[in-house]
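# Notes for the structure review
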Amino acid sequence: MFDLLVKGGTLPDGAVADIGITGDRIAAVGRLDAEAAKVIDATGDLVSPPFVDPHFHMDATLSFGLPRVNASGTLLEGISLWGELRDIATVEELVDRAVTYCDWAVSMGLLAIRTHVDTTPDHLRGVEAMLEVKRRVAPYLDLQLVAFPQDGLYRTKTGRQNVLRALDMGVDVVGGIPHFERTMEEGAESLRDLGRMAAERGLMWDVHCDETDDPMSRHVETMAREVTRHGLGGRAAGSHLTSMHSMDNYYVSKLLPLIAEAGMTAIPNPLINITLQGRHDTYPKRRGLTRVKEMQAMGISVGWGQDCVLDPWYSLGTADMLDVAFMGLHVAQMTHPAEMARCFTMVTETNARIMNLPDYGLRPGCLASLVVLDAGSPTEALRLRPDRLAVVSKGKLVAERRRNDARLSLAGRPQSVRRRLPGPG
Ligand code: FE2
């Protein structure tokens with residue numbers, strides 16, 4: 001007797017299995033002939049572990065147009081706009097917007113998010129607000145908070161002190177933004193400082209590293225050196241790494257082995273990188289996405305992050321990690337079937353590994369969190385970005401949706417009109 005039974009779903013590896021859930025854990029996976037208090041019929045649908053977003057800015061989300069829109073569309077105007085907004089937004093407003101976003105996320109099957117929190121202003125209202133959000137959503141959504149000195153660790157008088165204050169308040173992860181410090185040397189020093197801070201406190205480390213089109217920006221190699229020095233390995237992540245798009249190929253042939261040696265992970269953010277990078281270019285215009293396939297070929301874990309939804313940097317977004325993977329697939333040209341399947345894994349298992357989430361997956365003993373998608377396979381899910389028919393978090397059904405009415409209205413028409421392929425996609 002299970003509390004919840006998900007019947008007949010297709011798992012990401014193509015196997016068809018029932019999943020029996022007791023309490024907040026997966027109790028059994030296979031052909032299960034058992035009673036359950038509640039049954040979800042997932043026959044013909046994809047059943048996946050939940051989506052995971054390892055890079056987001058929840059203190060800024062859903063603020064699009066406040067105090068005005070980003071007219072140039074650049075990263076720098078976005079930072080400047082945010083600098084105004086963060087000093088006029090109240091804790092209540094920040095909490096309301098973030099909790100609304102968390103509702104969107106849950107409806108999309110996105111159940112774990114790492115969010116950077118700006119620690120620049122001395123009032124630290126963003127930190128206070130995000131700690132409150134983390135507490136509120138904890139029963140159904142896992143939040144990791146990163147102490148993020150948006151204006152630089154050393155560029156403001158209290159930048160360093162405020163990162164330490166945020167960590168003392170309970171923020172989980174050490175951040176950084178070396179390319180925004182005043183000089184290359186101060187950027188490198190910030191990495192030495194922050195890496196030591198993470199190691200001494202036993203915390204994870206996630207740096208906005210070289211989010212620039214400057215091919216000479218060299219902070220990724222310094223970060224890799226510090227990760228190796230402190231043995232942080234997979235507890236450290238380099239976010240964005242967009243300078244690697246523009247770097248000289250010979251230099252990259254030296255850099256990639258250093259990243260692999262460090263064991264650190266990488267988080268490109270394709271929706272934002274394709275939008276913000278290359279803004280100073282005429283033509284040809286650079287894409288600005290880091291070297292995803294090349295890093296993966298070196299054994300480096302690379303996940304896709306979302307970064308922004310409706311904020312000073314990005315005017316769209318729906319909390320759908322399939323949109324993120326879809327854009328990443330295109331920009332990185334990951335069109336081989338094996339690469340498309342990997343893009344789905346990047347927004348599920350790989351991102352969970354990057355965030356060091358415990359007990360993630362669809363095996364007995366794992367946390368009972370999963371999503372049922374109106375698709376036959378991971379590749380079909382990427383093609384359709386379909387409805388999430390059911391979302392289960394820690395053993396509880398937290399979102400449910402009827403099959404797309406448009407699809408139902410086509411039921412009487414020839415099969416070829418339907419968007420889904422007949423049989424497994
Ligand atoms: Fe970011």
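What counts, and at which threshold
Residues numbered from 1 in each chain as written. Predicted model: local features only at pLDDT ≥ 70, side-chain atom pairs only at ≥ 80, totals over all residues. Heavy atoms only, no water. 1 Å grid on protein atoms, 1.4 Å probe; cavity = no way out; pocket = protein on both sides within 12 Å on 5 of 7 lines; lining within 4 Å. Points joined across faces, edges and corners; volume = space filled by probe spheres on them. Nonpolar A, V, L, I, M, F, W, Y, C, P; charged D, E, K, R; others polar. Domains from an automatic or database assignment. Buried area = accessible area lost by both parts, 1.4 Å probe. Salt bridge = Lys/Arg side-chain N within 4 Å of Asp/Glu carboxyl O. Donors = N, O, S within 2.8 Å, 3.2 Å for Na, K, Ca; no water. Tetrahedral: all angles 85-135°; square planar, octahedral: opposite > 155°, others 65-115°. Helix = DSSP H or I, 4+ residues; strand = E, 2+ residues; numbered from the N terminus. Buried < 20%, exposed > 50% of the residue type's maximum accessible area, 1.4 Å probe, protein only. Core = buried A, V, L, I, M, F, W, Y, C linked by side-chain atoms within 4.5 Å. pLDDT = per-residue confidence, 0-100. Contact = heavy atoms within 4.5 Å. Axes fitted to C-alpha atoms, helices over the stretch in contact; angles between N-to-C directions. Parallel < 35°, antiparallel > 145°, perpendicular 65-115°, else oblique. Left-handed = near helix turned anticlockwise from the far one by under 90°.

Moving on, we come to empty space enclosed by the protein. The full count for this structure, using the stated rule, is one cavity of 30 Å³ or more. In this structure, the largest cavity encloses a volume near 50 Å³. Contributing to the lining of the largest cavity are D59, W82, R86, L94, D118, P121, H123 and G126. Residue composition of the lining of the largest cavity, grouped by class: three nonpolar, two polar and three charged.

Each assigned domain of the protein chain is listed here: domain 1 (2-49 + 361-417) and domain 2 (51-354). Distance from the C-alpha centre of domain 1 to the C-alpha centre of domain 2: 30 Å. For the domain 1 and domain 2 pair, buried surface summed over both sides reaches about 1,700 Å², with 67% attributable to carbon and sulfur atoms. Of all residues in domain 1, L382, R385 and R388 bury the most surface against domain 2, accounting for 37% of the area lost on that side. For the pair domain 1 and domain 2, the number of links is three salt bridges.

Turning to the coordination of the iron ion, a few remarks are in order. Every protein donor of the iron ion is listed here as H55 (NE2), H57 (NE2), H208 (NE2) and D307 (OD), and their distances to the metal cover 2.1 to 2.4 Å. Around the iron ion sit four donor atoms; with metal-centred angles ranging over 85 to 176°, the donor geometry is irregular. Expressed as a motif, the donor residue spacing for the iron ion is H-x1-H-x150-H-x98-D. Taken together, the residues span a long stretch of sequence, with H57 in the loop between β6 (51-56) and α1 (75-88) and D307 in the loop between α10 (292-297) and α11 (321-331) at a distance of 250 residues. Of the two residues examined, H57 and D307, each falls in the buried class.

This next bit is on the pattern of salt bridges. One pass over the full model with this rule turns up 24 salt bridges. Among the salt bridges present, the one from D118 reaches R86, with a minimum N-O distance of 2.6 Å. Taken together, the residues span a long stretch of sequence, with D118 in strand β7 (residues 110-118) and R86 in helix α1 at a distance of 32 residues. On the basis of relative accessible area, R86 is assigned to the buried category, the value being 10%. Here R388 and D320 are joined by a salt bridge, their closest N and O atoms 2.8 Å apart.

Once that is clear, we can look at the nonpolar core. Core analysis: the biggest nonpolar cluster contains 101 residues, and M58, Y101, V133, W205 and W304 have the highest contact counts within it. For this core, the leading source of residues is helix α2 (residues 91-107), giving nine residues. Two domains each provide a minimum of three residues to this core, namely domain 1 (2-49 + 361-417) and domain 2 (51-354). In this structure, V47, L362, V372 and A390 belong to the second largest nonpolar core, which totals 18 residues.

Mean pLDDT over the protein chain: 95, with 95% of residues reaching 70 or higher. Here residues 413-417 scores under 50 on pLDDT; set against residues more than four positions off or in separate chains, the count is two contacts.

It is worth spelling out the packing of helix α5 (residues 184-201) against helix α6 (residues 219-230) at this point. Geometrically, a packed helix pair is captured by the angle between its two axes and the distance between the axes. It is the contact of α5 with α6, at a shortest axis distance of 9 Å, that shows an interaxial angle of 25°. Overall, the two elements α5 and α6 adopt an arrangement that is roughly parallel. Pair α5 / α6 crosses with right-handed handedness. Residues M184, G187, A188, L191, R192, G195, R196 and A199 of α5 touch α6, and the partners they reach there are H219, T222, M223, E226 and H230. For the contact of α5 with α6, a count of residues per class yields five nonpolar, five polar and three charged.

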